[in-house]
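Spelled out, the chains give:
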Amino acid sequence: MGIEQSLNAGARRASGTSPVGAATMRAVVQHRYGPPSVLEVSEVGLSPTGRGNVLVRVRAASVHPGDYFVMTGEPYVVRLAFGMRRPRHVTPGMDLAGVVEAVGEDVTALRPGDEVFGWNTAGTLAEYASVPAKNLVPVPANLSVVDAAAVPTSAMTALQALRDIAHVRPGQTVLVTGASGGVGSFAVQIAKAFGAEVTGVCSTRNVDLVRSLGANHVVDYTKTDFTRTGKRYDVILDNVEAHPLAAVRGALAPTGTLIPNSGRGGRWLGPISRILKARVLSGFTRQRLRPFTSLGKRQDLLTLADLLTTGQVTPVIDRAYPLDEAADALRYVGAGHSQGKVVITV
Ligand SMILES: NC(=O)c1ccc[n+]([C@@H]2O[C@H](COP(=O)([O-])OP(=O)(O)OC[C@H]3O[C@@H](n4cnc5c(N)ncnc54)[C@H](OP(=O)(O)O)[C@@H]3O)[C@@H](O)[C@H]2O)c1
């Protein structure tokens, strides 16, 4: 069955008119919130591409802490966006890279056979994904599809934090905590590309990695507390929030920008009370305290594609898991010790 026919079959199946003979694909599915054991690999019907969408044959997808929160449904506040009783989208995952298999009506920028990477709100851990064309850009020629899959959410978060929130300029001092993680490993490289003097905070085993990313200085948090060195930074991107806000502010220049960026927190509200505290406090100090939520933006992915093409940014891949072991991948990401990005190959 050709892919267009498959799609039509999928569409008929979705509308309940003709489930017989519908093309299927393997996909990770979850029918309830819970630990990684709720994930199963099943045969499911192919989604129709729809107007403005592209059917991507997924080659690789990456996972990050946000995928873990959505899988568990905790903090509970995530359910407001992803479904109150059960996940709205049964297939998890947000980031992907692969090959365009078919394009829907109105799509002119992409053609079958194009290698693309991007993000999808309706799931990526599957053999195929129907993705809005505006969420996809071509994979740079010097990048493997696995490397490309590692980029979207984490690198867009790092880019938006440093460029749009902190307005990093050449010569500024930038400190990145969690410098060895998914966001941090991109942030160190992007801050360097912006001409900043970068300090990365990481554990002993990651010191060489963070230095290799271009950090001018590395603080090993098992030996040194960056809030107590007396140094003050123009920008702090705090991906971990292991210290109280007051202590981190002590390491921030008097008019510097602090981006508290950890999504971790209590079972109900996650980081929300910390975010509110930072926002309220921000009104009473010259220091800029700016928690933010990253957004998928095609233009930012194109900017990142340029940085990847010139070699100013290179994804760090920690581990790659096959689709069948997606639960192990999420379990690993949930533990919070990733060295760069965790990828699932399809
Ligand atoms: N604002 C947004 O919209 C947005 C978007 C994406 C992600 N985020 C948040 O950003 C945070 C980071 O995400 P990620 O993908 O980078 O996580 P990650 O891949 O799990 O990385 C976390 C890194 O932090 C290191 N680490 C742990 N404790 C540390 C400490 N005390 N000091 C310095 N480093 C430490 C870990 O390595 P070791 O344990 O070996 O030290 C690991 O490499 C998450 O909480 C996520 O929710 C926010």
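From a predicted model like this one, the values you see are computed outputs, not experimental measurements.

Taken as a whole and assessed by the stated rule, the structure comprises 1 aromatic pair. Ring centres of tyrosine 76 and tryptophan 268 lie 4.5 Å apart, and the angle between their planes is 55 degrees; on these two criteria the pair is classed as tilted. In this pair, tyrosine 76 sits in the loop between α2 (65-72) and α3 (79-82) while tryptophan 268 sits in the loop between β12 (252-260) and α9 (272-282), placing the two residues 192 residues apart along the sequence. Here tyrosine 76 falls in the partly exposed class, since its relative accessible area comes to 22%. Looking at arginine 319, its charged tip hangs above the ring of tyrosine 332, at a distance of 3.8 Å from the centre.

Turning our eyes to something else, we now look at the sheet that holds strand β11 (residues 233-238). In spatial order, the strands read β10-β9-β8-β11-β12-β13; together these 6 strands make up an open sheet with parallel pairing. On the outer flanks of this sheet lie β10 (217-220) and β13 (288-289), each paired with one strand and no other. Across the sheet, helix α5 (residues 152-165) lies against β8 (173-177), β11, β12 and β13, angled at about 150 degrees from β12, the strand it touches most.

It is worth spelling out helix α11 (residues 326-335) at this point. Here α11 lies mainly inside the structure; 7 of its 10 residues are buried. Those residues of α11 that fall on the buried side of the exposure criterion are Ala326, Ala327, Ala329, Leu330, Tyr332, Val333 and Gly334. Elements in contact with the buried residues of α11: β1 (24-29), β3 (53-63), α2, β14 (317-322) and β15 (341-345). In the segment just after α11, glycine 336 is the residue with positive phi, at about 80 degrees.

Take the side chain of glutamine 172 next. Mapping glutamine 172 onto the fold places it in the loop between α5 and β8. Exposure remark for glutamine 172: the relative accessible area of 11% places this residue in the buried category. Setting aside residues no more than four positions away along its own chain, glutamine 172 makes contact with His167, Ala196, Glu197, Asp234 and Val235.

Close to the ligand lie 25 residues; Ser180, Tyr221, Asn261, His337 and Ser338 are nearest. Residue arginine 205 places a side-chain N or O atom 3.0 Å away from an oxygen atom belonging to the ligand. Separating an oxygen atom of the ligand from a backbone N or O atom of serine 294 is a distance of 2.8 Å. Burial of the ligand by the protein chains amounts to 88% of its free accessible area of 930 Å². Looking at the shell around the ligand, the elements with two or more residues in it are α2 and α6 (182-193).

We now examine the domain arrangement of the protein chain. Accessible area lost on assembly of the parts is the figure often given for the size of an interface. As far as domains go, the protein chain holds domain 1 (3-151 + 316-345) and domain 2 (153-289). For the pair domain 1 and domain 2, the two sides together bury roughly 1700 Å², of which 55% comes from carbon and sulfur. When the area that domain 1 buries against domain 2 is broken down by residue, the three leading residues are Tyr76, Val316 and Gln339, summing to 30%. The salt bridge involving arginine 267 is made with glutamate 74; its shortest N-O contact spans 3.1 Å.

The rules behind each value
- Residues numbered from 1 in each chain as written.
- Predicted model: local features only at pLDDT ≥ 70, side-chain atom pairs only at ≥ 80, totals over all residues.
- Heavy atoms only, no water.
- Phe/Tyr/Trp six-rings, centres within 6.5 Å; stacked < 30°, edge-to-face > 60°.
- Helix = DSSP H or I, 4+ residues; strand = E, 2+ residues; numbered from the N terminus.
- Buried < 20%, exposed > 50% of the residue type's maximum accessible area, 1.4 Å probe, protein only.
- Lys NZ or Arg CZ within 6 Å of the ring centre and 35° of its normal.
- Pairing = 2+ DSSP bridges.
- Contact = heavy atoms within 4.5 Å.
- Axes fitted to C-alpha atoms, helices over the stretch in contact; angles between N-to-C directions.
- Near = heavy atom within 4 Å.
- Polar contact = N/O pair within 3.5 Å; in protein donor to acceptor, adjacent residues only side chain to side chain.
- Areas by Shrake-Rupley, 256 points an atom, 1.4 Å probe, with all protein chains shown as cover.
- Domains from an automatic or database assignment.
- Buried area = accessible area lost by both parts, 1.4 Å probe.
- Salt bridge = Lys/Arg side-chain N within 4 Å of Asp/Glu carboxyl O.

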